[in-house]
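Letter by letter, the chains look like this.
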Amino acid sequence: MVTSSPAALAEPAGIEDADWALAWIAKRQTVLPKRLHPPGPSADQVQRLLMAAAAAPDHGCLLPWRFIDVPGHARDALGEVFAQALHERDPAATPEQLAQARDKARRAPLLWLLVVDSGAKEVDVPLHERLISAGCAVQNVLLMATFMGYGSALTSGKALASPMLRQAFGLAATELPVCFVSIGTVAQARAVRERPVLQRLISSWAPDQPPPKANP
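Computed from a prediction, not measured in an experiment: that's the story for all the values here. Chains are numbered independently. Their residues run from 1 in the order of the written sequence. Given that the model is predicted, a residue must reach a pLDDT of at least 70 before its local features are reported, and side-chain atom pairs must reach 80 or more before they are shown or counted; all residues, however, enter totals for whole chains, interfaces and linings. Each side-chain value is worked out from all heavy atoms of the structure, with water and hydrogens disregarded.

### Considerations on the nonpolar core
Right, on to step 1. Put simply, a nonpolar core is a bunch of buried Ala, Val, Leu, Ile, Met, Phe, Trp, Tyr and Cys residues held in one set by side-chain atoms that sit within 4.5 Å of each other. Only protein chains enter the accessibility calculation, which uses a 1.4 Å probe; a residue whose area is less than 20% of its type maximum is buried, one above 50% is exposed, and one in between is partly exposed. Membership of the largest hydrophobic core comes to 21 residues, with the highest contact counts inside it found for Ile68, Leu78, Phe82, Leu113, Leu165, Phe169 and Phe180.
Right, on to step 2. Secondary structure elements follow DSSP: runs of H or I no shorter than four residues count as helices, runs of E no shorter than two count as strands, and numbering proceeds from the N terminus. Sorting the residues of this core by element identifies helix H4 (75-89), helix H5 (95-103) and strand E3 (110-117) as the ones contributing at least two each.
Right, on to step 3. Excluding its chain neighbours within four sequence positions, the residues that come into contact with Leu78 are Val70, Ala105, Leu111, Phe169 and Phe180.
Right, on to step 4. If you look at the next biggest cluster of nonpolar residues, it comprises 20 residues, including Leu110, Ala137, Val141 and Ile183. The contact criterion used throughout is that any non-hydrogen atoms of two residues lie within 4.5 Å.

Right, here's the structure in full:
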């Protein structure tokens with residue numbers, strides 16, 4: 001594994017390096033899991049995805065998040081969890097709707113569940129900081145997958161709130177299932193969506209003026 005010295009990490013990147021990184025970051029887009037086909041990341045690439053996640057900021061070094069891999073042989077079982085969770089919410093769900101729920105587990109070749117621990121391991125690290133750390137970790141994963149040439153998506157849904165799903169994944173009482181991460185080869189590419197106007201992303205604070213209003 002190649003490592004960089006602290007001195008090397010402290011050196012500012014050149015304009016060309018920064019432009020290269022920005023160009024790749026801008027290519028990231030959500031690709032629906034049904035459009036993510038095999039092959040998925042290799043074992044070596046999965047390790048690199050995890051290395052990228054490990055670079056996320058982590059106040060107190062709590063590691064308040066983790067990923068749970070759902071391998072191919074477990075997809076049918078997850079599909080049943082999705083179907084039972086739907087039936088729990090809607091006993092009138094049709095066989096077609098239950099089949100659609102099962103199918104959601106069989107799509108992208110790589111499927112991870114992102115879990116965040118909300119427990120008070122450290123009083124000084126509130127839940128919102130733990131969620132930010134998890135968000136940074138998963139964004140690093142999505143960007144690394146983009147660099148590797150794969151498509152990716154984050155999906156949630158009402159099944160995440162199901163006690164059945166919590167039990168199936170063996171989650172602790174303080175753990176929150178946040179979203180699923182899907183990665184695979186893009187079957188049908190689409191244009192990257194239009195990004196927000198940059199001026200909407202930032203405002204300037206002036207202590208002697210009224211607080212700026214949030215963008216609509």
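Having seen the model, we can carry on.
### Observations regarding the side chain of Arg28
Right, on to step 1. Residue position: Arg28 is located in the loop between helix H2 (15-27) and strand E1 (36-37).
Right, on to step 2. Only four residue types enter the tally: Lys and Arg on the positive side, Asp and Glu on the negative side; His and the chain ends are excluded. A pair is scored as a salt bridge if a Lys or Arg side-chain nitrogen falls within 4 Å of a carboxyl oxygen belonging to Asp or Glu. Buried and without a salt bridge, Arg28 has Glu194 as its closest oppositely charged side chain, separated by 14 Å.
Right, on to step 3. Residue contacts for Arg28: discarding those within four places in its chain leaves Gln139, Leu142, Leu143, Thr146, Val192 and Arg195.

### As for the pattern of salt bridges
Right, on to step 1. One pass over the structure, following the stated rule, counts five salt bridges.
Right, on to step 2. Residue Arg48 pairs with Asp44 through a salt bridge whose shortest N-O separation is 3.4 Å. Separated by four residues within a single helix, Arg48 and Asp44 lie in helix H3 (residues 43-54), roughly one turn from each other.
Right, on to step 3. For Asp44, a relative accessible area of 47% translates into the label partly exposed.
Right, on to step 4. Here Glu80 makes a salt bridge to Arg102, at a shortest N to O gap of 2.7 Å.

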